[in-house]
Amino acid sequence: MRILVIEDDLTTQQFLQRALTEQGYQVDVASDGQDGLFLALEHNYQLLVLDRMLPKLDGLTVLSTLRNANKTLPVLILSALDSVDERVKGLREGGDDYLVKPFALAELLVRIEILLQRQRGQAEPQSNKLQVADLSMDLLARQVWRGQQEIVLQPKEFKLLRYLMEHAGQVVTRTLLFEAVWDYDFDPQTNVIDVHVARLRKKVELDGHNPLLETVRGVGYRMVAK
Amino acid sequence: MAITHYLKPYVAWVTGWWRNNHQASSVWRLTRLYTGLLMLVVGILLWVLYQLSVGQLGRSQTLQLNQLQQQQQVLAEELSQADFIRQFEQQAEQSRQFIMAYSDNHTTYGRLATIPKRVTACPQIARFPVYNYNEIRLFSGCVQSLNNGRLLVATDDEALFDLREQFIQASVAALALALALGLITGWFFSAQVLRRVNSINEIALKVEAGELSARVPLSKRNDEFDHMATHINKMLLQVEHSFDAITGVTDAIAHDLRTPLGRLRLRLEQAQLDAKKQHVTSEQLSSMLAELDGILATFTAMLELTRLEQQQQKANFKQLDLANIAEDAIELIQPLAQQRNQVLNVEIKQACKLLGDATLLFRAIYNLLENASKYAGEQSQIKLTVNATGFSLSDNGPGIPESETDKVFQRLYRLESSRNSPGYGLGLPLVRAIIRLHEGEVKLQSNQPGLTVLVNFGE
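Residues numbered from 1 in each chain as written. Chains lettered and ligands numbered in written order. Predicted model: local features only at pLDDT ≥ 70, side-chain atom pairs only at ≥ 80, totals over all residues. Heavy atoms only, no water.

Draft legend 1. Seen up close, the overall build of chain B. From N to C terminus, chain B includes 9 helices and 12 strands. When each of the 459 residues of chain B is scored for burial, the buried share is 38%. Of the contacts made within chain B by residues no fewer than 6 positions apart, 61% connect residues no fewer than 24 positions apart. Of the roughly 27900 Å² of accessible surface on chain B, 58% is carried by carbon and sulfur atoms. (Helix = DSSP H or I, 4+ residues; strand = E, 2+ residues; numbered from the N terminus. Buried < 20%, exposed > 50% of the residue type's maximum accessible area, 1.4 Å probe, protein only. Contact = heavy atoms within 4.5 Å. Areas by Shrake-Rupley, 256 points an atom, 1.4 Å probe, with all protein chains shown as cover.)

Next comes the structure, spelled out in structure tokens:
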């Protein structure tokens, strides 16, 4: 798995390189837009972590040039500019995700993992059914079963569970859950998502069944692998 | 040469003074302009008056003298010389106004002993002196040759001359008076006007020196200067408020963020001590991270607030229904309210269509709901009502004292009663900034008991 990091702040760059290498990725780095664009065009990376503000060539220009050259690799934009405007601009230029500095490393790793998985998953046929251990979800009938027992969920709970099941085996953060279920992009900053997950957990985790949803301290939640 | 050399420094001093004065004060400049205009008007008036009185008199005399001369010419042609002389002497004797004299080669008839030599020929009238009985008198008149002799018609100029003299004296007096009057009134009025400009200047200087509370005094006249003063005062008030706000915020940041930073420092110190003896636990680090996240979130919120207040985010506005957003926010807060055994009611009276940013509006409503749930207490009732022009949110908790309803919208302001609960006092300022970005207004009211938040997007 090769990842390119284009970031001009050296501390952040080295930190990202170290953290991603520890995760088992092969990491190349570039400190300005020009070098970064060159590397991205020359090599086949699976993912690009792109800073929004770069010397020589602006991050958005790098991105649009890559997209024009038919490079479809997922791009995660890092930026100190946090406004809905900036986010929309970044995503419109072809970014796949947008993370505002300062960010938590865990959040970044989770998002990278999800982007890479989405990339891999695109080839697989979309199914109408999700299954994790003895928990199954019918997307068309909007029904959830734990073994033989049907679980009745409210619409938002259904969406929450669906996102967790789709990313079974992966850690998802609270922010990701919030964005996926409520579709407003900001960080509610409170434990409100935890409360929602706790309520969902109460409905899904039944006595006599193995627990499926784990809490990952300081990061978020993980549905056990399929 | 010596004198000019001697005078030079004085001249230099005077011109220097003049120039400085000229530049320093528009009072002086306006006064001069006003006086000059006044003098010009008075001068023109005097000239017209002169032309109508003295000038007219002179002109009619000239006309009459010429008529007289022509009359004598006609008589001289018609009568014999002896008859002519006889009637001439008679007429010269009778005429009071005019002096007539005729001399042939031997004798001079009429009022004068001789006819002076240097007198202009008619019809040109000129002044000439005449020695008559030991006095010199000034006559105006002309001479015409007639039947081998010379005819002189003239008028005693003394009266006209006196009149003119008097007129000129009066004019000089009038001009001097106008000058004095012009200088005095001009000075007075310009000083009056400029005193007010100067009072504004003084205030500006004071403000420049840092005295932001200085205000321009107002008169009772309510004229343009008062309008200007009012505007300047309003502007100063705004500046003072902003300045106070900035100072307040800076103080608040320093004060409020010092607390979590201090806690973080203590924890780090503890971790450092622990690291010497045993290993630092993951829990220790997590709590430090959480503390740091809180501080970072505060900064993010502050930046966001500034951006919202500068109204930079209108690009994403779309047509939307506030009722949908309110329902989403209710769904998000629901389990939290349930945990606190609170009753959450929603009433959508009407759709509330407006042009806006869904995420921002969601945050505003959620923020208010979260506040209500946080502060209203266990088993309280919270009600959200959406109508066509906005929404209202009421609870039956402890509410906010009347005196604090404005302050809670200030950045980093926290009520005494909520000092110990988490938060940085940016929620309500953010809510208000969002509402204002959507051209709405937010008001707090007592719900007796509890608090009602009224949000109105108006027309």
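Draft legend 2. Geometry of unusual backbone geometry. With an omega dihedral of -5°, the bond running from K101(A) to P102(A) counts as a cis peptide bond. Residue placement: P102(A) occurs in the loop between β5 (97-100) and α5 (105-121). Look at the link from Q448(B) to P449(B): it is a cis peptide, with omega at -5°. Among the secondary structure elements, P449(B) is positioned in the loop between β11 (441-446) and β12 (451-456). In this model, E439(B) sits at a positive phi of 55°, which is unusual for a non-glycine residue. With respect to the secondary-structure elements, E439(B) resides in the loop between α9 (427-437) and β11. Owing to a relative accessible area of 60%, E439(B) belongs among the exposed residues under this scheme.

Draft legend 3. Main features of the sheet that holds strand β7 (residues 135-138) of chain A. All names here are of chain A. Read from one edge to the other, the open sheet built from 4 strands follows the order β6-β7-β8-β9, with strand pairing classed as antiparallel. Of all strands in the sheet, those with a lone pairing partner are β6 (129-132) and β9 (149-151), marking the two edges. Taken over all neighbouring pairs, the strand axes of this sheet differ in orientation by 25° on average, direction set aside. In terms of strand pairing, β6 meets β7 through 4 bridges, oriented antiparallel. Opposite K129, over in β7, you have D138 as the bridge partner. Here helix α6 (residues 155-166) sits on the sheet in contact with β6, β7 and β8 (143-146), set at roughly 115° to β7. (Pairing = 2+ DSSP bridges. Axes fitted to C-alpha atoms, helices over the stretch in contact; angles between N-to-C directions.)

Draft legend 4. Spotlight on the environment of Q61(B). Residues and elements named next belong to chain B. As for its placement among the helices and strands, Q61 is situated in helix α2 (residues 26-78). Classification of Q61 by relative accessible area gives buried; the value is 13%. As for Q61 and A154, which are separated by 93 residues in sequence, their C-alpha atoms are 9.1 Å apart. Once residues within four sequence positions are removed from consideration, Q61 is found in contact with T155, D157 and L160.

Draft legend 5. Molecular detail of the nonpolar core. Counting residues in each nonpolar core, the largest one holds 90 residues, and the members touching the most others are L135(A), L161(A), L177(A), M223(A), F362(B) and I365(B). Per-element accounting of this core gives the leading share, 10 residues, to helix α7 (residues 322-339) of chain B. Setting aside residues no more than four positions away along its own chain, M223(A) makes contact with V132(A), L135(A), L161(A), L164(A), M165(A), A168(A), G169(A), Q170(A), L212(A) and L213(A). Core analysis: the second largest hydrophobic core is formed by 18 residues, L4(A), Y45(A), L66(A) and V100(A) among them. (Core = buried A, V, L, I, M, F, W, Y, C linked by side-chain atoms within 4.5 Å.)

Draft legend 6. Inspection of the packing of α2(B) against helix α3 (residues 81-94) of chain B at higher detail. All names here are of chain B. Relative to each other, α2 and α3 sit at 155°, their axes nearing to 10 Å. Considered as vectors, α2 and α3 are oriented roughly antiparallel to each other. Viewed along their axes, α2 and α3 form a crossing whose handedness is right-handed. Counted together, L68, Q71, Q72, L75 and A76 of α2 and F84, Q87, F88 and Q91 of α3 form the full contact between these two elements. (Parallel < 35°, antiparallel > 145°, perpendicular 65-115°, else oblique. Left-handed = near helix turned anticlockwise from the far one by under 90°.)

Draft legend 7. Highlighting the interface of chain B and chain A. Opposite the 27 residues of chain B that make contact, chain A presents 21 residues. Buried area between chain B and chain A, summed over both chains or domains, comes out near 2100 Å², and the portion from carbon and sulfur atoms is 58%. Where chain B meets chain A, there are 2 salt bridges. As a salt-bridge pair, K156(A) and D328(B) come within 3.4 Å of each other at their nearest N and O atoms. The interface formed by chain B and chain A holds 6 residue pairs in polar contact (both at pLDDT 80 or more) in total. Looking at the side of chain B that touches chain A, the elements with two or more residues in it are α6 (282-309), α7 and α8 (358-376) of chain B. At 9 residues, α7(B) tops the list of elements feeding residues into the side of chain B that touches chain A. (Buried area = accessible area lost by both parts, 1.4 Å probe. Salt bridge = Lys/Arg side-chain N within 4 Å of Asp/Glu carboxyl O. Polar contact = N/O pair within 3.5 Å; in protein donor to acceptor, adjacent residues only side chain to side chain.)

Draft legend 8. View of the pattern of salt bridges. Residue and element names in this part refer to chain A. Per the counting criterion, the structure on display carries 31 salt bridges over all chains. The residue R111 makes a salt bridge to E107 at a minimum N-O spacing of 2.9 Å. Taken together, the residues span about one helical turn, with R111 and E107 both in helix α5 at a distance of 4 residues. Of the two residues examined, R111 and E107, each falls in the buried class. Residues joined in a network through salt bridges with shared partners are D97, E107, R111 and E179.

Honestly, it's all geometry; don't read function into it.
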